[in-house]
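Examination of the molecular architecture
Here are the chains, one letter per residue:
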Amino acid sequence: MADPTWLDRHIPGRHGEVRVREYLPPGDIVGPRLVWVHGGGWVVGTLDEPEAHQVSLRVAAAGLPVTSVEYGLAPRFPVIGPLRLRRSPFRYPVPQDQVMDAWLDAGATHGGPMWLSGASAGACLAAGVALRLRDGEGPAPAALAFLYGLFHGVLPPASAALRRRLFGLPDLRVMQEMVRRAAVNHAGSDELLDNENVFPGLADLTGLPPVHMLNADRDILRASAENFAHRLTLAGVPHENWYLPDTTHGYLARPESEAFRVGTRAIAGWLAR
């Protein structure tokens, strides 16, 4: 069978052009379009990274069209010492707006049902856009899919079960501080860490479409995904929340791994179902 084909486009957006890469399956289309947002802590990641390109290729090979979104990145931040932010035009709300602009363009260009999905920090951006779409900013997705998603600026407390799975990994408090620093760097200030528009894990999730989640087992960010799933339950949103045993954060960035194959099969299976 032939491989998927792809095409880079630059679409107009409210902050300038947004680069997207569109993937077309080699054979019959078997499900809705996936609009995919890579992760990277809001500081790294391009359309060429495995978490963007290889994921999109694998899903397209299963018969699903894909639009992968590239958004503006904030500068890297210091991991120790005072958190002094460098100037950047790509802090909130710019990356979220760029994902929104890509979503609206995909709907206008291709039509038909679409899913909105993302990994890690990309899941945060996608979930924020999903809430804006729920509130009337554009056509709602048929469903959402999040892989090892981050939805909070300050991580919720880790459950006892998660703490047991993290045994032997880097110090929990160090990892929590790293997440907080990344979130401040994305938002632009400490004051926005409790802003539900920036971090959708704090928002009322009522009215979202069905949500599918696949988390890494040994991952401190799992605390954010578990809290998000709990809030989906409280909001009455249909959802499923699964874990890949013995995996760590970012498994979709490792195409040679079994976890990558399972994760991409899960995405394609959700869409085709």
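Going by the structure above, here's the rest.
As a starting point, this report considers the structure included with it.

About the thresholds
- Residues numbered from 1 in each chain as written.
- Predicted model: local features only at pLDDT ≥ 70, side-chain atom pairs only at ≥ 80, totals over all residues.
- Heavy atoms only, no water.
- Helix = DSSP H or I, 4+ residues; strand = E, 2+ residues; numbered from the N terminus.
- Expected span 1.5 Å × (residues − 1).
- Buried < 20%, exposed > 50% of the residue type's maximum accessible area, 1.4 Å probe, protein only.
- Contact = heavy atoms within 4.5 Å.
- Salt bridge = Lys/Arg side-chain N within 4 Å of Asp/Glu carboxyl O.
- Axes fitted to C-alpha atoms, helices over the stretch in contact; angles between N-to-C directions.
- Parallel < 35°, antiparallel > 145°, perpendicular 65-115°, else oblique.
- Left-handed = near helix turned anticlockwise from the far one by under 90°.
- Nonpolar A, V, L, I, M, F, W, Y, C, P; charged D, E, K, R; others polar.

Before going further, it helps to spend a moment on helix α6 (residues 222–235). The first and last C-alpha atoms of α6 sit 20 Å apart over 14 residues, in line with the 20 Å expected at 1.5 Å per residue. All of the buried residues in α6 are R222, A223, S224, A225, E226, F228, A229, L232 and A235. One or two positions beyond α6, positive phi appears at G236, with a value near 75°.

Quick look at the side chain of H186 now. Within the secondary structure layout, H186 lies in helix α5 (residues 172–187). The buried category is assigned to H186, whose relative accessible area is 2%. Leave out the neighbours within four places in its chain, and H186 touches W42, R91, Y92, P95, L125, V198 and F199.

Here the structure, examined in full by the defined rule, presents 21 salt bridges. In this structure, D97 and R132 form a salt bridge, with 2.9 Å as the shortest nitrogen-oxygen distance. Of the two residues, D97 is situated in helix α2 (residues 94–110) and R132 in helix α3 (residues 121–134); the sequence distance between them amounts to 35 residues. The class of D97 is buried, set by a relative accessible area of 8%. Among the ionic pairs, D246 bridges to R165, the shortest N-O distance being 2.9 Å. With D246 in the loop between β8 (239–244) and α7 (258–272) and R165 in helix α4 (residues 160–165), this residue pair connects regions lying 81 residues apart in the sequence. Residues participating in the shared-partner salt-bridge network are D8, R19, R21, D48 and E70.

With that settled, the discussion passes to the packing of helix α1 (residues 53–61) against α7. Running from amino to carboxyl end, α1 crosses α7 at an angle of 50°, the nearest separation of the two axes being 9 Å. The orientation of α1 with respect to α7, classified from their angle, is oblique. Crossing of α1 over α7 shows right-handed handedness. When α1 is examined against α7, the residues Q54, V55, R58 and V59 are found in contact with a partner set consisting of F260, R261, T264, I267 and L271. Taken together, the residues of the contact of α1 with α7 break down into five nonpolar, two polar and two charged.

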